[in-house]
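What follows is the residue order along each chain.
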Amino acid sequence: MIAANEISTNLTIPRLENGDKLTRTEFERRYQAMPHHQKAELIAGIVYMASPLRFESHAEPHAYVMGWLATYQAATPGVRLGDNPTVRLDADNEPQPDALLRIETGGQSRISEDDYIEGAPELIVEIAASTTSYDLHQKLTVYLRHQVQEYLVWRVYDHQFDWFRLNEGEYIQLEPNADGIICSQIFPGLWLDKAALLAGNLAKVLAVLQGGLSTAEHQEFVGRMSV
């Protein structure tokens, strides 16, 4: 049951609406006052609120990405994984990426006293409908400016997976090697069989990842993270 004073407080706070132009402070105030927290993001000062999520175009791809990243995180102490965490980047940008990996000690981001990520994680993944999505426009610009080192976008309707790597102030797209595998430049051993992922073959995706986890490069990375 909601207390009377809580109802009174919430009525004095304007409702968060898609397209609102707000500061991060006001965005958080309105977001926290919502009775049921719907996913909402602040990108370049504009509020974006998610529509109900479909299964094949978002929920299932999201689950595949989380399974892939969780397997990597489990084998890599010092790396932390987030599922839809709020990320405070600056006064006008508070995205909520579908998934992210961050380096706990010595990385670009930190956990605030009120339990939010502040600063840019090293790797972010978004599940997008197509090239028209704001994930490949407004968000890409914001992530580039804040130096997210690797930005991955699964364009489900386009049947494509883009892996961008920050290089001299620009995003370049990483391509699969001769074996059809994309290898992270920031997280050694994070290997992705792009074709298997797009085909929904999670078993092969995880098998290829195990190959990356068995490399000397991954073991060296784990050693550095453990110091």
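Note that the structure is predicted; figures quoted are calculated from it, not measured.

A. Region of interest: the overall build of the chain. The helix and strand inventory of the chain stands at seven helices and 13 strands. Relative to the globule expectation of 17 Å for 227 residues, the C-alpha radius of gyration of the chain, 19 Å, shows essentially globular dimensions. Overall size of the chain, expressed as C-alpha extent along the three principal axes, is 60 × 40 × 40 Å. Of the contacts formed within the chain by residues at least 6 apart in sequence, a portion of 54% connects residues at least 24 apart. Summed over all atoms, the accessible surface of the chain reaches about 11,400 Å², with 51% contributed by carbon and sulfur.

B. Spotlight on unusual backbone geometry. At Asp115, a residue that is not glycine, the phi angle is positive and equals roughly 75°. Within the secondary structure layout, Asp115 lies in the loop between β6 (110-111) and β7 (117-118). According to the relative accessible area criterion, Asp115 is exposed, its value standing at 61%. A positive phi angle is found at Glu168, which is not glycine, with a value near 55°. Counting through the fold element by element, Glu168 comes out in the loop between β10 (160-167) and β11 (170-173). Of the residues examined, Glu168 reaches a relative accessible area of 79% and is grouped as exposed.

C. Spatial organisation of the pairing of strand β1 (residues 40-43). Both faces of β1 are covered, namely the face carrying Ala40 and Leu42 and the face carrying Glu41 and Ile43. Of the pairings in the sheet, the one linking β1 to strand β2 (residues 46-49) comprises four bridges and is antiparallel in character. Within the sheet, the bridge partner assigned to Ile43 lies in β2 and is Ile46. Counting the residues in the hairpin turn of β1 and β2 gives two residues, including Ala44, whose phi is positive at 55°.

D. Molecular detail of the nonpolar core. Core analysis: the biggest nonpolar cluster contains 31 residues, and Trp68, Tyr72, Trp154, Trp163, Phe187 and Leu190 have the highest contact counts within it. Listing elements by their share of this core, those giving two or more residues are α3 (55-74), β5 (99-103), β8 (123-128), β9 (150-155), β10, α5 (194-198) and α6 (202-213). It is α3 that contributes the most residues to this core, six residues altogether. Membership of the second largest hydrophobic core comes to 19 residues, among which are Tyr48, Leu100, Tyr151 and Phe164.

E. Structural context of the sheet that holds strand β4 (residues 87-88). Read across the open sheet, the three strands follow the order β4-β7-β6; overall the sheet is mixed. Every other strand in the sheet has two partners, leaving β4 and β6 as the edge strands with one partner each. By the bridge criterion, two bridges tie β6 to β7 in an arrangement that is antiparallel. Opposite Arg110, over in β7, you have Glu118 as the bridge partner.

How each quantity is defined
Residue numbers restart at each chain and count upward from 1, following the sequence in its written direction. Restriction of local features to residues with pLDDT of at least 70 applies here, the model being predicted, together with a cutoff of 80 or more for giving and counting side-chain atom pairs; totals for whole chains, interfaces and linings are based on all residues. Excluding hydrogens and water, the side-chain figures rest on all heavy atoms present in the structure. Runs of H or I in DSSP of at least four residues are treated as helices and runs of E of at least two as strands, each being numbered from the N terminus. When we talk radius of gyration, it's over C-alpha atoms, and the globule rule is simply 2.2 Å times the number of residues to the 0.38. Here, residues are in contact when the closest pair of their heavy atoms is within 4.5 Å. Here the accessible surface of atoms and residues is derived via Shrake-Rupley with a 1.4 Å probe, and residues count as covered only by protein chains that are part of the display. Throughout, exposure labels follow a simple rule: accessible area from a 1.4 Å probe, protein chains only, divided by the maximum for the residue type, with under 20% read as buried, over 50% as exposed, and the rest as partly exposed. Here, any two strands with at least 2 DSSP bridges between them count as paired. We call a set of buried Ala, Val, Leu, Ile, Met, Phe, Trp, Tyr and Cys residues a nonpolar core when their side-chain atoms join them within 4.5 Å.

Just geometry here; none of it tells us what the structure is for.
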